[in-house]
Amino acid sequence: MRLRPARRFRELALAALVGLTLAGCPLTDHYYIDGSLGGATAANGGAPPGPPKGKGGAENPDHEGCVAAPEVCDGVSNDCDADVDEDDVCPPGCSAEQRDGHVYLLCVAPSTAAYVTYQTARMRCGSAGMDLGLMVHFELTSVESADEEAFLKDWIASVATATDSIWLGANDIVKGGTWVWGEGPQAVPFLHVGAMGAMADPGKYADFAPGQPSGSNETDEDCGAFDGSLAWQWNDEHCSAPAAGYVCEQKP
Ligand SMILES: [Ca+2]
Ligand SMILES: [Ca+2]
Ligand SMILES: [Ca+2]
């Protein structure tokens, strides 16, 4: 049945009002990593929220555009005050930073008793999103540029001691001499060890220390770490050797 124009207008207006009211309310009670509240808004036409528009902390002292949320361990001030990740929201020895719109987590053990193997570090990263109450997925970090490497080295040097090793996601567990980021079908090769020594693949970044990686079969040093004794360049180490810490990175 065709509606008369006036009635059709009233119905459309009512539908719009209901839509706006719903859109204005949070449809979920979780918070995005940037501290914004989950759920569509009328302002963005119902699209998912984009990158952070406002946050507290040193970079935004006026808290412009910040929507207060419970503080979580994510490198920004979710509650819009001047303090980032306060009130022990990060596990002991861990801290978070954001770079290029995603989160990194660095954990350094307070004592040798809490040192971790590569596989333990990998599992810690895998569960960190849930453990920290963040709606994101973490893996051991992959380092794809000199800028990212500089950021990580500075951060590690500021919290770890110069004899520590800190796991990253590089390994040649599956095929000796073929270094990849990550594990399984999604692993990304980035460096091969051949007769001429170690060479990064075309277009790929690597920062092994001179003479490293030093083991090239599947049973020696198969896991990469930032090595404090090598100015935080990478060293291949035994995966089962306990290291002081690890870096996790948010992944899609
Ligand atoms: Ca805060
Ligand atoms: Ca936070
Ligand atoms: Ca080595």
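Refer to the structure printed above.
Please read these numbers as outputs of a predicted model, since none were measured by experiment.

Draft legend 1. Spatial organisation of the overall build of the protein. Summing up its helical and strand segments, the protein has three helices and ten strands in all. Along the protein, from the amino end to the carboxyl end, the secondary structure elements read α-β-β-α-β-α-β-β-β-β-β-β-β. The burial tally for the protein puts 34% of its 252 residues in the buried class. Counting only contacts in the protein whose residues sit at least 6 apart along the sequence, the fraction spanning at least 24 positions is 49%.

Draft legend 2. Helix H2 (residues 118-131), seen in detail. An ideal rise of 1.5 Å per residue puts 20 Å on 14 residues; H2 measures up with 19 Å between its terminal C-alpha atoms. A maximum bend of about 30° is found in H2 at Cys125. Among all positions in H2, only Tyr118, Ala121, Arg122, Arg124, Cys125 and Ala128 are buried. In this fold, the buried residues of H2 make contact with strand E2 (102-108), strand E3 (137-140), strand E4 (165-171), strand E8 (223-227) and strand E10 (245-251). Taken from the residues just after H2, Gly133 is the one with a positive phi, measuring 75°.

Draft legend 3. Quick peek at the nonpolar core. By size, the foremost hydrophobic cluster in this structure holds 44 residues, and its most contacted members are Leu105, Ile166, Trp167, Leu168, Tyr246, Val247 and Cys248. Tallying contributions element by element places E2 first for this core, with six residues. Residue contacts for Tyr246: discarding those within four places in its chain leaves Cys107, Val116, Ala121, Arg124, Cys125, Leu140, Ile166 and Trp167.

Draft legend 4. Representation of the pairing of strand E5 (residues 178-181). The pairing of E4 with E5 spans two bridges and is antiparallel. Looking at E5, one finds that Asn171 is bridged to Val180. When E5 meets strand E6 (residues 188-194), the two strands line up antiparallel, connected through four bridges. What sits directly across from Trp181, in E6, is Val188. Hairpin connection between E5 and E6: a loop of six residues separates the two successive antiparallel strands, and Gly182 in this loop has a positive phi of roughly 85°.

Draft legend 5. Broad picture of the environment of Val72. Along the chain, Val72 falls in the loop between helix H1 (5-24) and strand E1 (94-99). Distance in space between the C-alpha atoms of Val72 and Leu134 is 7.5 Å, their sequence separation being 62 residues. Leave out the neighbours within four places in its chain, and Val72 touches Asn78, Val89, Leu132, Gly133 and Leu134.

Draft legend 6. Quick peek at unusual backbone geometry. Geometrically, the link from Gln212 to Pro213 is a cis peptide bond, its omega value of -5° lying close to zero. The backbone of Asp87 sits at a positive phi, close to 65°, despite the residue not being glycine. Take Asp87: it is sitting in the loop between H1 and E1. You will see that Trp232, though not glycine, has its phi angle at about 70°, which is positive. Among the structural elements, Trp232 can be located in the loop between E8 and strand E9 (234-237). Assessed through the 24 C-beta atoms surrounding it within 10 Å, Trp232 is described here as buried.

Draft legend 7. Representation of the pairing of E6. Pairing analysis gives four bridges linking E6 to strand E7 (residues 197-200), with the strands arranged antiparallel. If you follow Gly194 over to E7, its bridge partner there is Gly197. The antiparallel hairpin formed by E6 and E7 contains two residues in its connecting segment.

Parameters and conventions
- Sequence order sets the numbering: in each chain, residues are counted from 1 along the sequence as written.
- Labels follow written order: the first chain is A, the first ligand is 1, and so on.
- For this predicted model, a pLDDT threshold of at least 70 governs which residues receive local features, and a threshold of 80 or more governs which side-chain atom pairs are given and counted, while totals over whole chains, interfaces and linings are taken from all residues.
- Working definition: helices are DSSP H or I runs of at least four residues, strands are E runs of at least two. Numbering for both runs from the N terminus.
- To assign burial, the other C-beta atoms lying within 10 Å of each residue's own C-beta are counted, with C-beta atoms placed from the backbone; 20 or more indicates buried, 12 or fewer indicates exposed, and intermediate counts indicate partly exposed.
- It is the C-beta atoms, placed from the backbone, that decide contacts: two residues are in contact if theirs lie within 7 Å.
- The span you would expect from a helix comes to 1.5 Å times its residue count less one.
- Here the bend at a residue is taken as the angle between two axes, fitted respectively to the seven residues that end there and the seven that start there.
- A set of buried Ala, Val, Leu, Ile, Met, Phe, Trp, Tyr and Cys residues, joined to one another through C-beta atoms within 7 Å, is what we call a nonpolar core.
- The pairing criterion is simple: DSSP has to find at least two bridges between the two strands.

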